[in-house]
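Structural characterization, general
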Amino acid sequence: MLEALHDPLILIASDRRVTLANLAARGLFGERMTDRDLAATLRNPHLLGAVDAVMAGGASRMVEFTLPVPVERVFEARVKPFRRGGSGGNGSGDGAGGTIIILTLHDITAIKRSEQMRADFVANASHELRTPLATLLGFIETLRGPARDDAEARDRFLGIMHEQSRRMSRLVNDLLSLSKIELDEHTTPTSQADLARIARSAVAALELKAASRKIKLVLDAPASLPLVTGDEDQLTQVLQNLIDNAVKYTRDNTEVRVTLAPVTPASGGRRPAPMVSASVADRGEGIDRTHLPRLTERFYRVDAARSRALGGTGLGLAIVKHIVNRHRGRLTIESEVGVGSTFTVLLPAAVSVDEGAQVPRTAGSAA
Ligand SMILES: Nc1ncnc2c1ncn2[C@@H]1O[C@H](COP(=O)(O)OP(=O)(O)OP(=O)(O)O)[C@@H](O)[C@H]1O
Ligand SMILES: [Mg+2]
């Protein structure tokens, strides 16, 4: 019965010898832990101290400890005495009426990690808000004091204050939008959306910004494209964020190309689900591959100072990732330093009986 327990369980005799280790414990520490001093397997001084204290008559206790190998894991260890009354004993050193200790371990790595992430997130968000807030306070003080009668300075300062307040409000909006998306990430959207129309409106919204740096925004879409299963507002956010990044990080006088296409994944035995891809390609400086895995983390920026100067908060791609997850889609990033980057989103096509005909199928993958 103990063997079947999910959590590691270890019984320890009064001489600190391990008398029993269940399957989970042996999986963690190896087969050789039985019949040896616990210290031969678990060297953590807090844990050993707790075992000794309980053995000496102390009350049950709980110790948190970290196992560094093979991957760092955090455990909560419960040390409980089991005092055997009466005669008997098994003649193996615990003596009659001796105490044995029940040590159970519970893996809390995931809880610890999410605690850490939450703490980091609050620290990052506060930091991002504090910077523009400090600027605002500084200017308010200047306007009430030294610059009180300086009309020209007043205009200039108000301009900066306006920009900083907008930045704060953008940040708060992004944070709210991110938490809302996360809340319903497990409910897949059921409505249908027209990606071509969404792309046209996202391109139109950013055309002016692109034109100001002589960047040409090109939309490349086939005459007919299957609808996707998705939330129109959220997909608009995805494309706007990706195009916004491309425009922000590409070079002046270049082209940003948005390409839409139907995709039928190679059939891997099962019937392949038709998808629609939307990719945004720029001719910017690209992203070193070491950054790629972390790019969609909140507040992660390759060059924080530069992103901030461009008005960014580092939440754009985190929002994209969560929306794409909610849609059961995929985000891929290809980038070459000095050449440019391509961000591609794959979304499941909405196929109803008559629309199915619109999706080209590869030979041999007929429905
Ligand atoms: N097309 C791109 N080319 C080069 N780097 C990019 C590109 N898109 C994103 N990045 C890098 O990824 C980082 C994170 O992007 P993200 O969109 O999350 O934040 P941001 O653009 O800095 O700010 P925000 O989108 O919140 O305004 C950026 O700071 C930038 O370093
Ligand atoms: Mg962005």
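The paragraphs below set out a description of the structure included in this document. Nothing here was measured: the structure is a model prediction, and the numbers come from that model.

**Side note on the nonpolar core**
- Within the largest apolar cluster, 46 residues are counted, with the highest numbers of intra-cluster contacts made by Leu195, Leu217, Leu242 and Ile243.
- It is helix H5 (residues 195-211) that contributes the most residues to this core, eight residues altogether.
- In terms of nonpolar packing, the next biggest core, distinct from the first, is built from 24 residues, Ile10, Met33, Leu38 and Ile101 among them.

**A closer look at the site of ligand 1**
- Taken together, 19 residues lie around ligand 1, and Asn245, Asp282, Ser307, Thr313 and Leu317 are the ones closest in.
- Contact distances for ligand 1 include 2.6 Å between an oxygen atom and a side-chain N or O atom of Ser307.
- Contact with the protein chains covers 95% of the free accessible surface of ligand 1, which is 590 Å².
- If you map ligand 1 onto the pockets, it falls in the largest pocket.
- Listing elements by their share of the shell around ligand 1, those giving two or more residues are helix H6 (232-249), helix H8 (316-326) and strand S12 (340-348).
- Here the residues of the shell around ligand 1 are counted per class, giving nine nonpolar, seven polar and three charged.

**Points about a negative patch on the surface**
- A contiguous patch of negative charge on the surface is contributed by Asp149, Asp150, Glu152 and Asp155.
- When you line up the elements, Asp155 lands in helix H4 (residues 151-183).
- The class for Asp155 is exposed, based on a relative accessible area of 58%.

**With respect to the sheet that holds strand S3 (residues 61-67)**
- One open sheet accounts for five strands, arranged S2-S1-S5-S4-S3; its pairing is antiparallel. The open sheet has two edge strands with one neighbour each: strand S2 (18-21) and S3. Sheet twist, expressed as the mean angle between neighbouring strand axes with direction ignored, is 25°.
- Both strand S1 (residues 9-12) and strand S5 (residues 99-107) contribute to a ladder of four bridges, which runs antiparallel. Across the sheet, Leu9 pairs through a bridge with Thr104, a residue of S5.
- Taken strand by strand, helix H2 (residues 45-55) contacts S1, S3, strand S4 (73-83) and S5, and its axis lies near 10° from that of S4.

**A closer look at H6**
- End to end, H6 covers 26 Å across 18 residues, agreeing with the expected 26 Å (1.5 Å per residue, within 8%).
- Burial analysis of H6 places 13 of its 18 residues in the buried class, the great majority of the element.

**A short note on the pairing of strand S9 (residues 255-263)**
- Judged from the five bridges that link them, strand S7 (residues 216-220) and S9 form a sheet pairing that is parallel. When the sheet's bridge partners are listed, Asp220 is paired in S9 with Thr259.
- Sheet analysis places S9 next to strand S10 (residues 275-281), joined by seven bridges and oriented antiparallel. Bridge pairing in S10 links Pro262 to Val276.

**As for unusual backbone geometry**
- With phi around 70°, Arg16 is a residue other than glycine that occupies positive phi space.
- Mapped onto the fold, Arg16 is located in the loop between S1 and S2.
- Residue Arg16 is classed as buried on the basis of its relative accessible area of 17%.
- Notably, Asp35 is not glycine yet its phi reads approximately 70°, a positive angle.

**Remarks on the pattern of salt bridges**
- Taken as a whole and assessed by the stated rule, the structure comprises 22 salt bridges.
- Linking Glu232 and Arg197 is a salt bridge whose minimum nitrogen-to-oxygen distance equals 2.9 Å. Here Glu232, found in helix H6, pairs with Arg197, found in helix H5; they are 35 residues apart in sequence, far enough to count as distant.
- Of the residues examined, Arg197 reaches a relative accessible area of 43% and is grouped as partly exposed.
- Here the residues in one salt-bridge network are Glu3, Arg26 and Glu31, joined through shared partners.

What counts and how
- Residues numbered from 1 in each chain as written.
- Chains lettered and ligands numbered in written order.
- Predicted model: local features only at pLDDT ≥ 70, side-chain atom pairs only at ≥ 80, totals over all residues.
- Heavy atoms only, no water.
- Core = buried A, V, L, I, M, F, W, Y, C linked by side-chain atoms within 4.5 Å.
- Buried < 20%, exposed > 50% of the residue type's maximum accessible area, 1.4 Å probe, protein only.
- Helix = DSSP H or I, 4+ residues; strand = E, 2+ residues; numbered from the N terminus.
- Near = heavy atom within 4 Å.
- Polar contact = N/O pair within 3.5 Å; in protein donor to acceptor, adjacent residues only side chain to side chain.
- Areas by Shrake-Rupley, 256 points an atom, 1.4 Å probe, with all protein chains shown as cover.
- 1 Å grid on protein atoms, 1.4 Å probe; cavity = no way out; pocket = protein on both sides within 12 Å on 5 of 7 lines; lining within 4 Å.
- Sits in = over half its atoms within 2 Å of the grid points.
- Nonpolar A, V, L, I, M, F, W, Y, C, P; charged D, E, K, R; others polar.
- Patch = residues over 30% accessible without salt bridge, like charges linked within 9 Å, V, L, I, M, F, W, Y side chains within 5 Å.
- Salt bridge = Lys/Arg side-chain N within 4 Å of Asp/Glu carboxyl O.
- Lys, Arg positive; Asp, Glu negative; His and termini not counted.
- Charge placed at Lys NZ, Arg CZ, Asp CG, Glu CD.
- Pairing = 2+ DSSP bridges.
- Axes fitted to C-alpha atoms, helices over the stretch in contact; angles between N-to-C directions.
- Contact = heavy atoms within 4.5 Å.
- Expected span 1.5 Å × (residues − 1).

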